[in-house]
There are 4 protein chains.
Amino acid sequence: MSNSIGTVFRYTVWGQSHSPAVGVTIEGIPAGTPIDLARLQAFLDRRRPGRDPLSSPRREEDVPEFVSGITKDAGGSGTVTACGAPVTAVIRNTDVRSSDYEELRDIPRPGHADLTAMIRYGGAGDRAGGGAFSGRMTAPLCVAGGIALQILERQGVHISARPVRIGGETDPEKMRGAVAAAAAEGDSVGGVIECVVEGVPAGVGEPMFDGLENRIAQAVFGIPAVKGIEFGSGFAGADRKGSENNDPFVLQPGTGADIPGRIRTVSNNHGGALGGLSSGMPIVFRAAVKPTPSIAKEQDSVDIRTGEAVRLRVKGRHDPCIVPRALPAVEAAAAGAVYDLIRLRETGGI
Amino acid sequence: MSNSIGTVFRYTVWGQSHSPAVGVTIEGIPAGTPIDLARLQAFLDRRRPGRDPLSSPRREEDVPEFVSGITKDAGGSGTVTACGAPVTAVIRNTDVRSSDYEELRDIPRPGHADLTAMIRYGGAGDRAGGGAFSGRMTAPLCVAGGIALQILERQGVHISARPVRIGGETDPEKMRGAVAAAAAEGDSVGGVIECVVEGVPAGVGEPMFDGLENRIAQAVFGIPAVKGIEFGSGFAGADRKGSENNDPFVLQPGTGADIPGRIRTVSNNHGGALGGLSSGMPIVFRAAVKPTPSIAKEQDSVDIRTGEAVRLRVKGRHDPCIVPRALPAVEAAAAGAVYDLIRLRETGGI
Amino acid sequence: MSNSIGTVFRYTVWGQSHSPAVGVTIEGIPAGTPIDLARLQAFLDRRRPGRDPLSSPRREEDVPEFVSGITKDAGGSGTVTACGAPVTAVIRNTDVRSSDYEELRDIPRPGHADLTAMIRYGGAGDRAGGGAFSGRMTAPLCVAGGIALQILERQGVHISARPVRIGGETDPEKMRGAVAAAAAEGDSVGGVIECVVEGVPAGVGEPMFDGLENRIAQAVFGIPAVKGIEFGSGFAGADRKGSENNDPFVLQPGTGADIPGRIRTVSNNHGGALGGLSSGMPIVFRAAVKPTPSIAKEQDSVDIRTGEAVRLRVKGRHDPCIVPRALPAVEAAAAGAVYDLIRLRETGGI
Amino acid sequence: MSNSIGTVFRYTVWGQSHSPAVGVTIEGIPAGTPIDLARLQAFLDRRRPGRDPLSSPRREEDVPEFVSGITKDAGGSGTVTACGAPVTAVIRNTDVRSSDYEELRDIPRPGHADLTAMIRYGGAGDRAGGGAFSGRMTAPLCVAGGIALQILERQGVHISARPVRIGGETDPEKMRGAVAAAAAEGDSVGGVIECVVEGVPAGVGEPMFDGLENRIAQAVFGIPAVKGIEFGSGFAGADRKGSENNDPFVLQPGTGADIPGRIRTVSNNHGGALGGLSSGMPIVFRAAVKPTPSIAKEQDSVDIRTGEAVRLRVKGRHDPCIVPRALPAVEAAAAGAVYDLIRLRETGGI
C-alpha cells in the first residue's frame, strides 16, 4: 500500500481497523510550530461515531498520543510545540468487536474492498473490520490534516466542508429525513460534500501534475467512499458555453498590491484554480461520497471457500450515511495538500 | 512547476507553446520494449488540430524525434526498441504565430492561466501562446502515454475514451451541431469524456493515496481544461441508496482462477475500483472538460499595466470545443497511471 | 528533517532520544512476509549498550511493539506475518536521565550536532540526549533493516559487518586494548567497519543516481558518526594503475546460466558494483566511524547564553567506541538499500 | 535506470554515448533566474577532452541548446532567463566513432559497466561507447550543476574542486609525471579530488537520510569512476581519538548574528557537517576516482558469444587519467545537492 502523501509536508497514515493502533507519522512540520491539542481533539471528535443518534453507536476515543516530534506541554496550556523531528501520533484501537466480522471472513461485502484486498493480499491480509481500508483510517488522516489546518489558519487560510446533498436532498432537514428513512429500512444513503478553502494567496500550486486540483484530488480520493471530485462549476460547467463559464476579471479597489494582485473574478466558475494555480478566489470543490456499502438489507455475494452464492446481511454497527463524519476528513485532506503546496511555493516552487 | 509524474514509470513533460520545442523525458521503460513509431504517430495525430473542419486550422506536425533511450530502427520496420536508458522525445514547435498573442501580453484572458501565471512567474514568465499552460503540452503527454498504451495493449489492457456529452448534448450529431453553433457565434462549448480501461487484472493499485482513483485523477487533472473526474456511478451514485449502488458479487463459470479471481460484479457502479484496487471489472471514469476559454466574444478583463477595464476579444485560431482533441490526452494520462501501478504491483507493491 | 528513505521498500525513522518513544514506519513489505520476532530481537540486541564491559552501562530494552501492519502470532511461534499495510514499530524510551544533559542545554558539545541543531531548530529543538541526532535512532533503523535482512536471507543474500580498524589497530586484541586505553583516560576512539553483501544477483541497481553505491551511501551516512564510505579498493585503488585496479574477467565452469551470467572477476577491486550495478561478486564497502564525540576530557566550547568560553567535560554514560554497536546499523542500512533495489529490479527497473 | 535526483531542484540526465543527443531536464529553477550562457559554456569546457595534451584527443563541442524553460536572450548579452517551466538542454552527440567499439560489442572491458549492463539490459542495451554509463553523461550533469553553481554564487556560496592525489602523487608536477608515465605505457592512473563548498549558512541539510553527506554522496557517486567519498577528516579521523578529532568551539568576534550564529570551530575535522547539517564552516569532501579502466595494455576478458578467454587491448581514444575532467562534474554534483538542500531549508525543511 502507499499510505504516504506530500513533498515537503509529508505524512504516512498507518494501521488497520483492528490492529493495536492506527496512527500517522508526519515530516515537515517546522520546529516551533504550536499544536493546540484541545482544538485538535475537537477536530478529531467531529469524525467520531456515536455523536449523532443516526450514526453508528460505536465508541472510539480517538485520543492521539504524540510519541515523537514535540516538546512537552510546559505550561499545561494544552499546547505543545513541534521540535522539527517527525511527529508520530498513536491512536489505540479500542472497543474492537471482531466477532461482528467473523462471518465476513470468507464473504466479501458488496461495495467494500474485501474482494480486491483478498485478491491483492491473499490470506495474509488483515480483513477484520475492513483492515487498512476501514473508515477508521480517517482518524490519523485527521491528525495530520488537523495540524495543517491549525498552521493554515494562522496564515489566514480557512477550510470548511459542508454537505450539499444527502440522499438526493439539498435541504438540511430533508437530508436528515433521508438518512433516517434509509436507516429505518436497513439501507444507507450517500451525498455530496462541498469544501471551500479561503485565503490562499494567488499563485500557489505546481502545475502540470502537482497543481491544486491534482494534489487535492489525490488526497481526497484517499478517503474511503469518495468516488468523484469537481472544482468550481465542474461537471455543470462542461455543459456551458465559454461565454457563460469564463469568469470576467475586474480590478479590486485599493492600492494594496500590484495590479495583477488586485485582479479578481466576478464569478468563481473556475473554483479558485486556473492552470492548477490559485487565483486568489476561494478554492471550491465538491466530493461525491457513495452510500455506506455496509447495509442490513440482503445482498448477493459469494463464499470464497465454496464458491456458493450467498445472501448477505451485513451485521455490525454502521452509519446509514458517512457524509457527516467524512466532513473533517475532507477538510484534513485538503489542508494537507494546500499546506504542502504553499510550502513548495515558498521555495520558489518545484 | 512540477511536470513529473509516476514512481517506476515516471515521465517529465517540458516545453512551452512557443519555446523551440516541447518534449518528454521518460524513465522506467524496460530495456527491450518495442515502440511502434507509426502507431505512436497515429495516436499523436488524433490530438492534432486541423483534422476536423470545426477544429483550429493550426498545423502542428508533432513528429517526435527520439534523441535518447532507444536503439535505432534496424529493419526500417518503423519499430524501435527501448535500451533501458531514459527516453527523451523532442517535438519542435513550428508554425508559431506569436503576433496573435502580442496584445494579450498585458491582458489576461478569462478562463486561462494568464493571470495566475503572471502572479506566479512575474515578468520572467513565458506567456506567449499560454506558455507551459498551453494545450500544446498534451503532445508530449501523448508521447509518454502512447508508449504506455502500447505496452499495456501487449498485456491485454485496452484504453479508450469517447465524448458522452458536448455542449450539453449526448447524441453525436447534436454534439456536432452544438460545436458548430458555438463556433458560428464566436463562442465555445465543453463536454464530458468517458474513458474505459479494460483488462487490468484485479488487485492493481496502491491505496490509500496511490490507488487507482488517486493516481488517475492526479494525471487527468494535468490536462488543461479538466475540472472534474468521477469513477463509476460517481456523483449520480451519491444520490442513491446503498442497496442501489452496491454491485452484487457473482461467481463466473469456469475453473480458470481461484474462486476470488473468478468473482465479478453484476453491475459496475464502483467503476472497476474498490478501495483503490482494481476489481477486474472495467475501470470507468468521466472527466469534465470546460468550454474552451479562448472565444471571439467580448469579455471583461483588465490591463495589468494601467489597471483599466478592457473589453477583450481573443483573436487567433482556437477550437470551439477541445473535447475531441482531449480524447487521446485522457487515454494517455490514464495509461501512464495504470501502467505505473501495474509495475508497482509486480514488485509486491509499495 | 527527512527521516524517510527508499522507493518501494520505504521507511521513516522517527523519535528523539528522550521522547516517549522512537520507532519506524515501513511501507513496501509484501503481504505474507514472515517476520521472526526472536531473530529480530537478537539483531536489535547487538546494538544495545551494556553488553560489553567497555560499552556504556545504559540499559535500553529496545523491544519494539508492532502496532500495525502485521497479523498476530497465531501459533505463538514468535513469527508474525506482514499483512501488506504499513508496519509501524514503537520502541518506548526508558531509563532516560535528562539530568545528565541539563548542563548541556546551553553548551554545545564539540563533534555533536548540538550547535547545528540549535541553529536549525532554535529554542524549539529537542536537544535532550541529542534529540533526533542521537545514536538512539539506530534502534528503529535496525528494526526496518532487520526485517529487510530476514527477507534478503530467504533470497540467499547475506550481509555482515565487522570492524577492520579500531583506534588505528587492525588486530582484534589490540582493538580492544585501544578502546580500554581510551576509556581509561576519558577519551574515545573511532574505527572502520567493513560490510560484505553476498548473494546479490548481477544487474541490481538503478544508475545513475540510484545505483548501489549511491543508495548504500545515502543510507549509511544516516548513521551518526559515519564520515566516509568506500567501495572495493576505494581510496587505495585511486593510487593504483588501471592495469592493477581492473578486475580481469573469467568464465565460471558449469553450464547453469547464460555466458554473461557465468562470468566472474578474478579480484574484487570494484567491490561488487560496476556502473552502479551489481556484478555478482560480493558487494564490499567500508565505512569510517569517527571517535565518539562525547568524552570526559576537557574541551573548548561556548555558552550560548553568555557567549563565554567554557571548558566542558561531557558527563553521562558514553561508549568509548561506538564501532561495535554500529555494526548492526551498518548491516541494517545496507539491507534496506539493497532490498529496495532488488525490488525495483523486479519491476524491470526505474 | 534512475537518472533523476533532487527534491525541489530536481534534474534528470538522459542520453547515451552514441545516441543522437545527451541532455538534461531540470525542474525547480525559479522564474527570473538569470543563466549566463558564456559562463556556463566555460564551465562545460572544463570537462571537455582534448584541452590537455595528455587527455583524449576526442573533440566534443558540448554546446547545449536550451529548448525549453528560458526566455530568449533579449539583449544578446549571452544571458537568458528561466521562465519557471522545466529547463531542457540538448547536447548533440558528434564525432561518434562507433567503429572503435565494434569489437567490444561482445567482449566486456574489465572495470567498465559492459558486463553488468549486458546482464541488466540484455541484447537491447545500447553499449556503444559505454551507452548510458559513459563519462559522456557528465556533460548534462555539468549543465544542471553549472546552473546551480551560478545561483549559489549569487548567494555567496562558492564550490571548487582540485586534485589532491594523482597516481599516488601529491605534488602537481609529479602528478603530471605520473599521468605521462602511465600514458606512455598504455596504462592509466586514478586520483583523489578534494571539493570545498564555502559560504553555506549554518543549519542546511535534512537529516537523517537527506543530510549534507547523504545527498552529496548520492550525487557524487553518480559520476562514473567515483568509488569512495569522505567528509572532513574522514577515514583518517577514524584512526584518531575523540580529543584529537573533535573540533573545539570558539565565539567569533563581532556582533552580527546571535551567539550560536557566531560560533565557529577552530579546526574542521567535521568537514562542515555535524549531524548532516552545515556548521557554517567550509564543507570539505574528497572523492576517490579509480584509474581509467580503458587501457591499451592487455587484459583478460571473455567473449560472451563463445565463452572463450580473450586477451583484450582497449582501442579508441581514452584519457590516461580522468581526474582533471572529473573536477567540474564533482563541483556540479555538489552544487545540485547543496542548492536543493538550501531550497528545502527555505521552506522550513522537510
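These remarks concern the structure in this document. In this text the structure is predicted, and so the values were computed from the model without any measurement.

1. Section: the side chain of N245(D)
Note that N245(D) resides in helix α8 (residues 242-245). We classify N245(D) as buried; its relative accessible area is 5%. A polar contact of 2.7 Å, which involves the side chain of N245(D), links it to the side chain of S233(D). In this view, N245(D) contacts K290(C), P291(C), S233(D), G237(D), R240(D) and N269(D); residues no more than four positions away in its chain are not counted.

2. Description of the pairing of strand β17 (residues 299-302) of chain A
Residues and elements named next belong to chain A. Looking at chain direction, β17 and strand β18 (residues 309-312) are connected through four bridges and run antiparallel. Paired with V302 across the bridge in β18 is A309. Remark: six residues form the turn of the hairpin made by β17 and β18, two consecutive strands paired antiparallel; G307 in that turn has positive phi of roughly 80°.

3. A look at the interface of chain A and chain C
Between chain A and chain C, the residue contacts involve 37 residues of the former and 37 residues of the latter. Buried area between chain A and chain C, both sides added, is near 2600 Å², and the carbon and sulfur share of it is 55%. The tally of links from chain A across to chain C stands at two salt bridges. For the side of chain A that touches chain C, the elements supplying multiple residues, two or more each, are β2 (10-15), β3 (21-27), β5 (65-68), β6 (70-71), β7 (79-82) and β8 (87-92) of chain A. Broken down by element, the side of chain A that touches chain C gets its largest block of residues, five residues, from β2(A). Partitioned by chemical class, the residues of the side of chain A that touches chain C number 16 nonpolar, 16 polar and five charged.

4. Some details on the sheet that holds strand β7 (residues 79-82) of chain B
Residues and elements named next belong to chain B. Spatially, the three strands line up as an open sheet ordered β4-β7-β6, and their pairing is antiparallel. Sheet topology places β4 (34-36) and β6 (70-71) at the edges, where each strand pairs with a single neighbour. Across three bridges, the pairing between β4 and β7 is antiparallel. Residue pairing in the sheet places P34 in a bridge with T81 of β7. Docked against the sheet, helix α1 (residues 37-45) engages β4 and β7, running at close to 50° with respect to β4.

5. Observations concerning the relation of the copies chain B and chain A
Once chain B has been moved 0.0 Å along the axis and rotated by 180°, it coincides with chain A to within an RMSD of 0.0 Å. The two molecules are tied by a two-fold rotation axis, judged by turn and shift. Most of the interface of chain B is mirrored in chain A, where 100% of its interface residues again form contacts.

6. What about the packing of helix α4 (residues 138-154) of chain D against helix α10 (residues 323-346) of chain D?
Residue and element names in this part refer to chain D. Look at α4 against α10: their axes get within 7 Å of each other, and the N-to-C directions meet at 50°. As summarised for this structure, α4 and α10 are arranged oblique, according to the angle between their axes. Judged by the twist between their axes, the crossing of α4 over α10 is left-handed. On α10, the residues that touch T138, L141, C142, G145, G146, A148, L149, I151 and L152 of α4 are P328, A329, E331, A332, A333, A335, G336, V338, Y339 and I342. Class assignment for the residues of the contact of α4 with α10 results in 14 nonpolar, four polar and one charged.

7. Here we look at the relation of the copies chain A and chain C
Once chain A is rotated about the relating axis by 180° and shifted along it by 0.0 Å, it coincides with chain C to within an RMSD of 0.0 Å. Mapped onto chain C, 100% of the interface residues of chain A are again interface residues, and the two copies thus contact each other with one and the same surface.

8. Topic: the environment of H112(C)
In this structure, H112(C) sits in the loop between α2 (99-102) and α3 (114-121). Classification of H112(C) by relative accessible area gives buried; the value is 17%. For the pair H112(C) and A225(C), spaced 113 residues apart in the sequence, the C-alpha separation amounts to 9.0 Å. H112(C) has contacts with P293(C), S294(C) and L274(D), leaving out every residue within four places of it along the chain. A polar contact of 2.6 Å, which involves the side chain of H112(C), links it to the side chain of S294(C).

9. Overview of the pattern of salt bridges
In this structure the tally under the stated criterion is 87 salt bridges over all chains. A salt bridge links D340(B) to R215(B), with the shortest nitrogen-to-oxygen separation between them at 2.7 Å. One end of the pair, D340(B), is in helix α10 (residues 323-346); the other, R215(B), is in helix α6 (residues 212-220), and 125 residues separate them in sequence. Both residues of the pair, D340(B) and R215(B), count as buried. In this structure, E194(C) and R162(C) form a salt bridge, with 3.2 Å as the shortest nitrogen-oxygen distance. Highlighted residues: E194(C) in strand β10 (residues 191-198) and R162(C) in strand β9 (residues 158-166), separated in sequence by 32 residues. Looking at E194(C), the relative accessible area reads 15%, which means it is buried.

10. Observations concerning the interface of chain B and chain A
Contact with chain B, which involves 103 residues of that partner, is made by 103 residues of chain A. The largest share of the area that chain B buries against chain A comes from R120(B), F209(B) and F249(B), three residues that together contribute 11% of it. If you look at where chain B meets chain A, you find eight salt bridges. Where R120(A) meets E206(B), a salt bridge forms, and the shortest distance between an N and an O atom there is 2.7 Å.

11. What about unusual backbone geometry?
With an omega dihedral of 20°, the bond running from P207(A) to M208(A) counts as a cis peptide bond. Along the chain, the position of M208(A) falls in the loop between β10 (191-198) and α6 (212-220). The backbone phi angle of A225(B) is positive, close to 85°, even though this residue is not glycine. Note on placement: A225(B) falls in the loop between α6 and β11 (226-231).

12. Focus on α10(D)
All names here are of chain D. With 24 residues, α10 should reach 34 Å at 1.5 Å per residue; the first-to-last C-alpha distance of 34 Å fits that figure. Of all 24 residues that make up α10, 21 are buried, and the element is covered over most of its length. G348 sits one or two residues past α10 and shows a positive phi near 95°.

13. A few points about the packing of helix α1 (residues 37-45) of chain D against α4(D)
All names here are of chain D. It is the contact of α1 with α4, at a shortest axis distance of 9 Å, that shows an interaxial angle of 130°. Between α1 and α4, the angle is such that the two are oblique. As for how α1 packs across α4, the hand of that crossing is right-handed. Residue-level inspection shows R39, L40, F43 and L44 of α1 in contact with α4, the latter providing A139, C142, V143, G146, I147, L149, Q150 and E153. For the contact of α1 with α4, the class distribution of residues is eight nonpolar, two polar and two charged.

About the thresholds
Residues numbered from 1 in each chain as written. Chains lettered and ligands numbered in written order. Predicted model: local features only at pLDDT ≥ 70, side-chain atom pairs only at ≥ 80, totals over all residues. Heavy atoms only, no water. Helix = DSSP H or I, 4+ residues; strand = E, 2+ residues; numbered from the N terminus. Buried < 20%, exposed > 50% of the residue type's maximum accessible area, 1.4 Å probe, protein only. Polar contact = N/O pair within 3.5 Å; in protein donor to acceptor, adjacent residues only side chain to side chain. Contact = heavy atoms within 4.5 Å. Pairing = 2+ DSSP bridges. Buried area = accessible area lost by both parts, 1.4 Å probe. Salt bridge = Lys/Arg side-chain N within 4 Å of Asp/Glu carboxyl O. Nonpolar A, V, L, I, M, F, W, Y, C, P; charged D, E, K, R; others polar. Axes fitted to C-alpha atoms, helices over the stretch in contact; angles between N-to-C directions. Least-squares fit on C-alpha atoms with pLDDT ≥ 70 in both. Parallel < 35°, antiparallel > 145°, perpendicular 65-115°, else oblique. Left-handed = near helix turned anticlockwise from the far one by under 90°. Expected span 1.5 Å × (residues − 1).

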